[in-house]
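Here are the chains, one letter per residue:
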Amino acid sequence: NAQSPTVYRAAILHFLSDPDVDGENAYQFFEDGALLIENGRVLQVGEAEAVLASLSSDIPVVEYKNHLIIPGMIDTHIHFPQVEVIASYGEQLLDWLNNYTFPAERQFEDKEYASNIANFFLDELLKNGTTTALVFGTVHKQSVEAFFEASEQRNTRMICGKVMMNRNAPEFLCDTPESSYQDSKELIEAWHNKGRQLYAVTPRFAITSTEEQLQKAGQLMEEYPDVYMQTHISENKDEVAFVQELFPDSKDYLDVYDQFGLLGKRSVFAHGIHLTPREHQRFRETGSSVSFCPTSNLFLGSGLLDIKELEEEQVAYSVATDVGGGTSFSMLQTLNEAYKVTQLNGNKLSALKSLYLATLGNAKTLQLEDKIGSFKEGNEADFAVLDFNSTPLMSLKQSKCKTLAEKLFAMIILGDDRAVRATYVAGNCVHDRDNSSASQTN
Ligand code: GUN
Ligand code: ZN
């Protein structure tokens, strides 16, 4: 990644820690800021005047006036094969899976189809300022190959895994404990830590795996202790009841995964709406995290996750879109809905906390805070440029905002892909809203 030094000048915001804990010490905001990038990494961030004074005058400066640069956003739960499932009417989880999702996923048997959708999906994420995601493939090994190939072309840091599922689903989507183990192993060997790609062992959820298959998933986690684990938990009440029927000897839903060694700091459980105190305790003890998917939880009628309760219980959590159960690729729109869910629970979610979650907070739950999520020196130079004048309504509202907190809140509530002026991955522009043909500089 030979790249000569470049300065990006705009307002700049990034986090050092959780603003609910450390207040003003938790972030750096430069009204007229400069971000110095070289060879795909952050060299320096600060006040423009100070940064520019320290550099030779021939360094190119790219200026984004009236824009805000933030670290590339991170989505900790999303399904790339479900792009076309988005906005499917009328069902809650189990019927939604059977009626819409499983038929759509069948098509990923075809590698070429999978490649087309993977490319569409990654461009859509980048268009929304999201530069890293933890992503489900389908049961087909080739779906994940297609995904990693598309991600490698863009040099994005992505985590993906082949779904393991061998029961309670149509025959055409079922693997076996042995084949799921073998396919996952081959994918780990081929892709984990290849460039910026990372692997996640991916049992779909307890309902679609036998004990034999969950045991194989646990075996993979033991053999490759630095890979991720992603699955679903306690999203829907009928789902929770079915799990209790299938695993009558388990203490609760989380205990099913626990028995097979699937908990840990790199284990991400989507939804977690209907968890018990004992399950919270096991999350805390193992450092496992819950992925909060507000647009999906509302769309599928799953429930209102109480993140305040998770904080009180010291359960780590992140924020995610969960497309195609979720209804938007935009993390801004996801934070908008997170705010509303929090309101319904009688609590508040500030704009600073929201943007912390979408960047450094999510990076921390993925154990990636030494690479992405902030502009710490040496971090990978993934960033998004947000536009305070993306629409007439955004402009009008921003002109009335006095404080940074007000401006950021309006950006979250009114913002979507139109608010993302540009997205950079490892220092390269991969999305330019106003000049889309000139964007791919890789
Ligand atoms: N639980 C098991 N599979 C899925 C899925 O694809 N989406 C959601 N939202 N929940 C699930
Ligand atoms: Zn999901």
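So, how was this worked out
Residues numbered from 1 in each chain as written. Chains lettered and ligands numbered in written order. Predicted model: local features only at pLDDT ≥ 70, side-chain atom pairs only at ≥ 80, totals over all residues. Heavy atoms only, no water. Phe/Tyr/Trp six-rings, centres within 6.5 Å; stacked < 30°, edge-to-face > 60°. Helix = DSSP H or I, 4+ residues; strand = E, 2+ residues; numbered from the N terminus. Buried < 20%, exposed > 50% of the residue type's maximum accessible area, 1.4 Å probe, protein only. pLDDT = per-residue confidence, 0-100. Contact = heavy atoms within 4.5 Å. Patch = residues over 30% accessible without salt bridge, like charges linked within 9 Å, V, L, I, M, F, W, Y side chains within 5 Å. Areas by Shrake-Rupley, 256 points an atom, 1.4 Å probe, with all protein chains shown as cover. Salt bridge = Lys/Arg side-chain N within 4 Å of Asp/Glu carboxyl O. Domains from an automatic or database assignment. Buried area = accessible area lost by both parts, 1.4 Å probe. Polar contact = N/O pair within 3.5 Å; in protein donor to acceptor, adjacent residues only side chain to side chain.

Moving on: the packing of aromatic side chains. Counted by the stated rule, this structure contains 18 aromatic pairs. Note on Tyr 8 and Tyr 424: the rings are 4.8 Å apart at their centroids and 65° apart in plane angle, and the pair reads as edge-to-face. With Tyr 8 in strand β1 (residues 6-15) and Tyr 424 in strand β15 (residues 420-425), this residue pair connects regions lying 416 residues apart in the sequence. By the burial criterion, Tyr 8 is buried, and Tyr 424 matches it. For the pair Phe 269 and Phe 283, a centre-to-centre distance of 5.3 Å together with 80° between the ring planes defines the contact as edge-to-face.

Chain-level pLDDT for the protein is 97 on average; 98% of the residues reach the 70-or-more range. Within the model, the stretch residues 438-442 combines pLDDT values under 50 with 13 contacts to residues more than four positions away or in other chains.

On the surface, Leu 298, Leu 304 and Leu 344 cluster together into a nonpolar patch covering about 260 Å² of accessible area. Along the chain, Leu 304 falls in the loop between α11 (294-299) and α12 (307-312). Classification of Leu 304 by relative accessible area gives partly exposed; the value is 35%.

Turning next to the domain arrangement of the protein. Splitting the protein by domain gives domain 1 (6-72 + 374-438) and domain 2 (73-329). In this structure, domain 1 and domain 2 have C-alpha centres spaced 31 Å apart. Contacts between the two partners involve 15 residues from domain 1 and, on the opposite side, 13 residues from domain 2. Interface area for domain 1 against domain 2, summed over the two sides, is near 1100 Å², with a carbon-plus-sulfur share of 54%. Per-residue buried area on domain 1 facing domain 2 is highest for Gly 72, Asp 417 and Val 425; these three make up 37% of the total on that side. The tally of links between domain 1 and domain 2 comes to four salt bridges. Residues Lys 127 and Asp 417 are paired through a salt bridge, measuring 3.8 Å at the closest nitrogen-oxygen approach. Here domain 1 is connected to domain 2 by five residue pairs in polar contact (both at pLDDT 80 or more).

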